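# What the coordinates show
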Amino acid sequence: MTPYKPKVKAPDPMLVGKTQSVLHTHALTTVCEESACPNRSECYERGTATLMILGDTCTRACRFCNVKTGRGEPPDPTEPTRVAAAVKALGLRYAVITSVDRDDLDDYGSEQFVAVVEAIREAAPEVKIELLTPDFRGERTALERIVACGADKLAHNEETVRRLSPTIRPQSDYDRSLEVLRYYAAHFDGPVKSSLMLGLGEEDDEIIETMKDLYDAGVRELTIGQYLQPTPRHHPVQRYYPPEFFEILREKARKIGFDAVASGVLVRSSYYAERLGQEEESSEFSTAVQQDL
């Protein structure tokens, strides 16, 4: 029996080109482009984008990630203004702000997140802001800044199960990620989200265990998707899961207690970010997620 392998939609060249033009004008990038996300043109059309701050070079080398590794440039003080201008020019209704890991910085980049939120609030106060943050090495002052900055939602991705984490994320830590999420859940008034990739070599019971760990840490919104190997040098896909498996996981996650779950082959951390937690229970949302796979 041939294993299920997802087919990725070709992005709309006109829409992607328009977005890239705005990003180029403001000297910015999106994680949508850097990670070659299969959903980018669809998200752009819905007025959602994930902007990556603090450069395009990460100090870590996760084996699933298509972002280049190295030492980045110092934070650019003009970046928050440029991000806010791009958010306004693109007409975004929902902006997800993320970054590479910046372990080379004293504050791990947390102050730049705060400055970006403040700039967006001034330029486009109607825009909802989600922060998808690194772990900041678990540094308490950095986490305090993020909690207090005025974002609408906070997220940090666990990515994979405990057993695989040292191999897949060698410079990160499974329990440290849980601690970051636990801190967010305890001190932030809004929803806290995390994400898992499947197909890296995990067992079914490990997936359930990880979901329970996330729920116990205070995470109430969860996304689950299929890992797709970005290049031959990255970790190979160990298994392609069929769409039905993701639906089963969605139901299991709901039984655990999660308030909102997006689970599907091409679901990514920020996929339907603007609707998760608002329309997640609607048949329209569920159907859209499955049909887009």
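Coordinates for the structure precede this section.
Since we're looking at a predicted model, the values are computed, not measured.

With that out of the way, let us pick up the overall build of the protein. Within the protein, the secondary structure is distributed over 11 helices and 10 strands. Taking all 293 residues of the protein together, 55% fall into the buried category. Partitioning the intrachain contacts of the protein with sequence separation of at least 6 by distance along the chain shows that 73% fall at a separation of at least 24. Carbon and sulfur atoms make up 50% of the accessible area of the protein, which amounts to about 12,800 Å² in all.

Before going further, it helps to spend a moment on the environment of Ser195. Considering the arrangement of structural elements, one finds Ser195 in strand β8 (residues 192-198). Accessibility expressed as a relative area gives 6% for Ser195, which makes it buried. Excluding residues that lie within four positions of it along the chain, Ser195 makes contacts with His156, Asn157, Glu158, Glu159, Leu222, Thr223 and Ser269.

The buried count for β8 comes to 7 of 7 residues, which makes it a mostly enclosed element. Here β8 shows no split at all, with Val192, Ser194, Leu196 and Leu198 on one side and Lys193, Ser195 and Met197 on the other all buried. Bridging between strand β7 (residues 153-155) and β8 involves 2 bridges; their strand directions are parallel. Bridge assignment links Ala155 to a residue of β8, and that residue is Lys193. As judged from the 6 bridges shared by β8 and strand β9 (residues 221-226), these two strands associate in the parallel manner. The residue bridging Ser195 from the neighbouring strand is Thr223, located in β9. After leaving β8, the chain enters helix α9 (residues 204-216) and then returns to the sheet as β9, a path that is right-handed.

All right, on to the packing of aromatic side chains then. For the coordinates displayed, the defined rule picks out 5 aromatic pairs. Plain terms: the ring middles of Phe113 and Phe136 are 5.9 Å apart, the flat faces sit at 90 degrees to each other, and that makes the pair edge-to-face. Note that Phe113 is positioned in helix α5 (residues 110-123) and Phe136 in the loop between β6 (128-132) and α6 (140-148), a separation of 23 residues in sequence. Residue Phe113 is classed as buried on the basis of its relative accessible area of 0%. On the accessibility criterion, Phe136 (1% relative accessible area) is buried. For the pair Tyr241 and Phe245, a centre-to-centre distance of 4.5 Å together with 20 degrees between the ring planes defines the contact as stacked.

Applying the stated criterion across every chain yields a total of 20 salt bridges. Residue Asp103 pairs with Arg60 through a salt bridge whose shortest N-O separation is 2.8 Å. You can see Asp103 sitting in the loop between β5 (94-99) and α5 and its partner Arg60 sitting in the loop between β3 (57-58) and β4 (68-69), a full 43 residues away along the chain. By relative accessible area, which is 2% here, Arg60 ends up buried.

This part covers the side chain of Glu79. By the element assignment, Glu79 lies in helix α4 (residues 79-89). The charged side chain of Glu79 is buried without a salt bridge, its nearest counter-charge being Arg82 at 4.8 Å. Only 2.9 Å separates the side chain of Glu79 from the side chain of Gln112, close enough to count as a polar contact. Not counting residues within four places of it along the chain, the set of residues in contact with Glu79 comprises Leu28, Met52, Ile53, Leu54, Gly55 and Gln112.

Moving on, we get to the layout of surface pockets. Taken as a whole, the second largest pocket spans an internal volume of roughly 290 Å³. Lining of the second largest pocket is provided by 17 residues; of these, Ala27, Leu54, Gly55, Asp56 and Glu79 occupy positions nearest its centre. Of the residues contributing to the lining of the second largest pocket, the split by class is 6 nonpolar, 4 polar and 7 charged.

Attention now moves to the packing of helix α8 (residues 174-187) against α9. For the pair α8 and α9, the least separation of the axes is 9 Å and the interaxial angle reads 35 degrees. Taking contact as the criterion, the partners of Tyr174, Leu178 and Leu181 in α8 are, on α9, Thr210, Asp213 and Leu214. Of the residues belonging to the contact of α8 with α9, the class tally is 4 nonpolar, 1 polar and 1 charged.

Turning next to the sheet that holds β5. Pairing is mixed across the open sheet formed by 8 strands, whose spatial order is β1-β2-β5-β6-β7-β8-β9-β10. For this open sheet the edge positions go to β1 (29-30) and β10 (260-263), each flanked by a neighbour on one side alone. Pairing of β5 with β6 involves 5 bridges; the strand directions are parallel. Across the sheet, Thr98 pairs through a bridge with Leu132, a residue of β6. Where helix α10 (residues 243-256) meets the sheet, it contacts β8, β9 and β10, and its direction lies at approximately 165 degrees from that of β10.

What follows is about α9. With 13 residues, α9 ought to run about 18 Å at 1.5 Å a step, and its terminal C-alpha atoms sit 19 Å apart, in line with that. For α9, the full list of buried residues reads Glu206, Ile207, Thr210, Met211, Asp213 and Leu214. Viewed along the axis of α9, the buried residues span an arc of 160 degrees, placing them on a single side of the element. Summarising the geometry of α9, the exposed residues directed more than 90 degrees from the buried face are Asp205 and Asp216. In the core, the buried residues of α9 are packed alongside α8, β8, β9 and α10. In the stretch just after α9, Gly218 is the one whose phi turns positive, near 105 degrees.

Rules behind the numbers
In this convention, every chain numbers its residues from 1, walking through the sequence in written order. The predicted origin of the model limits local features to residues at a pLDDT of at least 70 and limits the giving and counting of side-chain atom pairs to 80 or more, whereas totals for whole chains, interfaces and linings rest on all residues. Side-chain figures throughout are based on the complete set of non-hydrogen atoms in the structure, without hydrogens or water. Where helices and strands are cited, they refer to DSSP runs of H or I of at least four residues and of E of at least two residues respectively, numbered from the N terminus. The cut-offs for exposure are 20% and 50% of the maximum accessible area for each residue type, with area from a 1.4 Å probe on protein chains only; residues under the lower value are buried, those over the upper are exposed, and the others partly exposed. Note on definitions: a residue-residue contact is assigned when non-hydrogen atoms from the two residues lie within 4.5 Å. The Shrake-Rupley method, run with a 1.4 Å probe sphere, supplies the accessible areas, and residue values consider only the shown protein chains as cover. Whether two strands pair comes down to DSSP finding at least two bridges between them. Assignment of crossover handedness uses the view with strands pointing away from the viewer, where a clockwise path from the first strand over the helix to the second indicates a right-handed crossover. Only Phe, Tyr and Trp rings are paired, with Trp represented by its six-membered ring, and only when their centres lie within 6.5 Å; those with planes under 30 degrees apart are stacked, over 60 edge-to-face, the remainder tilted. Whenever Lys or Arg places a side-chain nitrogen within 4 Å of a carboxyl oxygen from Asp or Glu, that contact is recorded as a salt bridge. Working convention for charge: Lys and Arg count positive, Asp and Glu count negative, and His plus the chain ends are omitted. Here a polar contact is recorded for every N or O atom pair within 3.5 Å, except that within protein the pair must consist of a potential hydrogen donor and a potential acceptor, and residues adjacent in sequence are included only if both atoms are side-chain atoms. The definitions used throughout rest on a 1 Å grid laid over the protein atoms alone, on which a cavity is an enclosed set of points accommodating a 1.4 Å probe that cannot get out and a pocket is an open set flanked by protein within 12 Å on both sides along at least five of seven lines; lining residues are those having an atom within 4 Å of a point. Grid points are joined across faces, edges and corners, and a volume is the space filled by probe spheres set on the points. Note on residue classes: Ala, Val, Leu, Ile, Met, Phe, Trp, Tyr, Cys and Pro are nonpolar, Asp, Glu, Lys and Arg are charged, and everything else, Gly too, is polar. Note on geometry: axes are lines fitted to C-alpha atoms, helical ones only across the stretch in contact, with angles between N-to-C directions running from 0 to 180 degrees. What a helix should span is 1.5 Å times the count of its residues minus one. The directions from the helix axis to the C-beta atoms are what the arc is built from.

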